[in-house]
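One letter stands for each residue in the lines below.
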Amino acid sequence: MDVTPQRRLRGWSFAIVAAASAVAAASVSSPVNSVTPSGCTSIQDQPPIYSGIQYGAAIQGLLDNFLTNGGTAGCVDCHTHPASSASGHLDLTDGVSWAHLINVRSYDDLSLIYVVPNHPEQSLLFQKINCDTPGVGARMPYMFSPGTLGPDQQALIYDWIAEGAPVGITDGVFRNGFDIRGFNQ
Ligand code: HEC
């Protein structure tokens, strides 16, 4: 095959463009959904909780048992310890869940992050419990067993992430004005 210098040059310029766009892609800090979430529940009517959400009591409490009728069913039933044997390779058990969520990339889609502090709308954890079609995989609890989370429970996770997803107690959040709460508004 006759490879002219001009062709070589063109090949190089393609390589440089490709390298430049790879650098640009790597420098993007916000996750980009390969799938736009859809079928999301509106939580607009839920009274916002601006402060004081305790990770252990409220968020881990919900991961441990999300039923409000006296029964017991938790995310931890499937998202067990250790992560290697947990559904979705995600261990949500008490004591380790926070570290497995905050700024951690999804096992199933490396472009997605479970919890982006202050950005519930970018957080896969929120999408998974708020939308029938999240950024990747199915809505949680898996197979809606025994049902989707209530709007108040979804809002709790939203508000906790909006407050910065602290592991302790928070002092406040300024959400009015930038909050759209959900993807369908
Ligand atoms: C009946 C089992 C089951 C229950 C209960 C369950 N999950 Fe899942 N979860 C799965 C399976 C299976 C997957 C992987 C497939 C998928 O993402 O659809 C998964 C995936 C996930 C992922 C994405 C993992 C990744 O790396 O992409 C998140 C986040 C998640 N679940 C959160 C939750 C939360 C929060 C709850 C509780 C409200 C919950 N799950 C309850 C089985 C379950």
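Every residue gets a number counted from 1 within its own chain, in the order that chain's sequence is written. For a predicted model such as this one, the threshold for reporting local features is a pLDDT of at least 70, and the threshold for listing and counting side-chain atom pairs is 80 or more; totals across whole chains, interfaces and linings nevertheless cover every residue. Derived side-chain values reflect all non-hydrogen atoms in the structure, with water molecules and hydrogen atoms excluded from consideration.

**Q** When you look at the overall build of the protein chain in this model, what are you seeing that I'm missing?
**A** Helix and strand definitions here come from DSSP, where helices need a minimum of 4 consecutive H or I residues and strands a minimum of 2 consecutive E residues; each element is numbered from the N-terminal end. Check the secondary structure of the protein chain and you find five helices and two strands. Of the regular secondary structure in the protein chain, the N- to C-terminal order runs α-β-α-α-α-β-α. Within the protein chain, the fraction of its 185 residues that count as buried is 37%. Contacts: residue pairs with any heavy atoms within 4.5 Å of one another. In the protein chain, once contacts between residues fewer than 6 apart in sequence are set aside, the share between residues at least 24 apart is 57%. Where accessible areas are quoted, they stem from the Shrake-Rupley method and a 1.4 Å probe; at the residue level, only the protein chains shown are allowed to cover. Of the roughly 10300 Å² of accessible surface on the protein chain, 59% is carried by carbon and sulfur atoms. To sort residues, take the accessible area from a 1.4 Å probe on protein chains only and compare it with the maximum for the residue type: under 20% means buried, over 50% means exposed, and anything in between is partly exposed.

**Q** Is there a simple way to think about unusual backbone geometry in this case?
**A** Note: most residues except glycine have negative phi, and most peptide bonds are trans. Note the cis peptide between His81 and Pro82, where omega equals 0°. Note on placement: Pro82 falls in the loop between α2 (55-64) and α3 (97-101). Cis geometry is found at the peptide bond from Met140 to Pro141, where omega equals -5°. Assignment of secondary structure puts Pro141 in the loop between β2 (131-133) and α5 (151-162). Unusually for a residue other than glycine, His89 sits at a positive phi of about 55°. Within the secondary structure, His89 is located in the loop between α2 and α3.

**Q** Explanation requested: the coordination of the iron atom of the ligand in the structure shown.
**A** The expected angle between donors at a tetrahedral four-coordinate metal is 109.5 degrees. At an octahedral six-coordinate metal it is 90 or 180 degrees. The donor set comprises N, O and S atoms within 2.8 Å of the metal, extended to 3.2 Å for Na, K and Ca; water molecules are omitted, so apparent gaps in a site may simply reflect that omission. Around the iron atom of the ligand, the protein contributes the donor atoms His79 (NE2) and Met140 (SD), which lie 2.0 to 2.2 Å from the metal centre. Because the angles between the six donor atoms bound to the iron atom of the ligand fall within 87 to 178°, the donor set is best described as octahedral. Taken together, the residues His79 in the loop between α2 and α3 and Met140 in the loop between β2 and α5 connect sequence positions 61 residues apart. When sorted by exposure, His79 lands in the same class as Met140, which is buried. The geometry test gives tetrahedral to four donors whose angles all lie between 85 and 135 degrees, gives square planar to four donors and octahedral to six donors whose opposite members are over 155 degrees apart with all other angles between 65 and 115, and gives irregular to the rest.

**Q** Looking at this model, I keep getting lost on the site of the ligand. Mind explaining?
**A** Close to the ligand lie 23 residues, the nearest being Cys75, Cys78, His79, Tyr114 and Met140. Side-chain atoms alone can form a polar contact between residues adjacent in sequence; in general such a contact is a pair of N or O atoms within 3.5 Å, and within protein one must be able to donate a hydrogen while the other accepts it. Separating a nitrogen atom of the ligand from a side-chain N or O atom of His79 is a distance of 2.8 Å. The contact in question runs from an oxygen atom of the ligand to an N or O atom on the side chain of Ser106, over 2.8 Å. Residues belonging to the shell around the ligand are distributed by class as follows: 15 nonpolar, six polar and two charged. To be near a molecule or strand, a residue needs just one of its heavy atoms within 4 Å of it. When residues are grouped by polarity, Ala, Val, Leu, Ile, Met, Phe, Trp, Tyr, Cys and Pro land in nonpolar, Asp, Glu, Lys and Arg in charged, and all others, Gly among them, in polar.

**Q** Would you take a moment to explain the nonpolar core for this structure?
**A** Burial of nonpolar side chains together is a common tendency in soluble globular proteins. Core analysis: the largest hydrophobic core is formed by 32 residues, its most contacted members being Ile59, Leu92, Leu101, Val115, Phe126, Ile157 and Trp160. Ranked by the residues each element gives to this core, the list is headed by α5, at seven residues. Those residues in contact with Ile59 that sit more than four places away from it in its chain are Ile53, Gln54, Leu156, Ile157 and Trp160. Here, the term nonpolar core denotes a set of buried Ala, Val, Leu, Ile, Met, Phe, Trp, Tyr and Cys residues that are joined through side-chain atoms within 4.5 Å.

**Q** Got a minute to help me understand α2 in this structure?
**A** Each turn of an α-helix holds 3.6 residues, which means side chains three or four residues apart point in the same direction. Along α2, the residues that are buried comprise Tyr55, Ile59, Gln60, Leu62 and Leu63. Seen end-on, α2 carries its buried residues on one side only, within an arc spanning 150°. For α2, the secondary structure elements touched by its buried residues are α3 and α5. The arc under discussion is defined with respect to the helix axis, by the directions toward the C-beta atoms.

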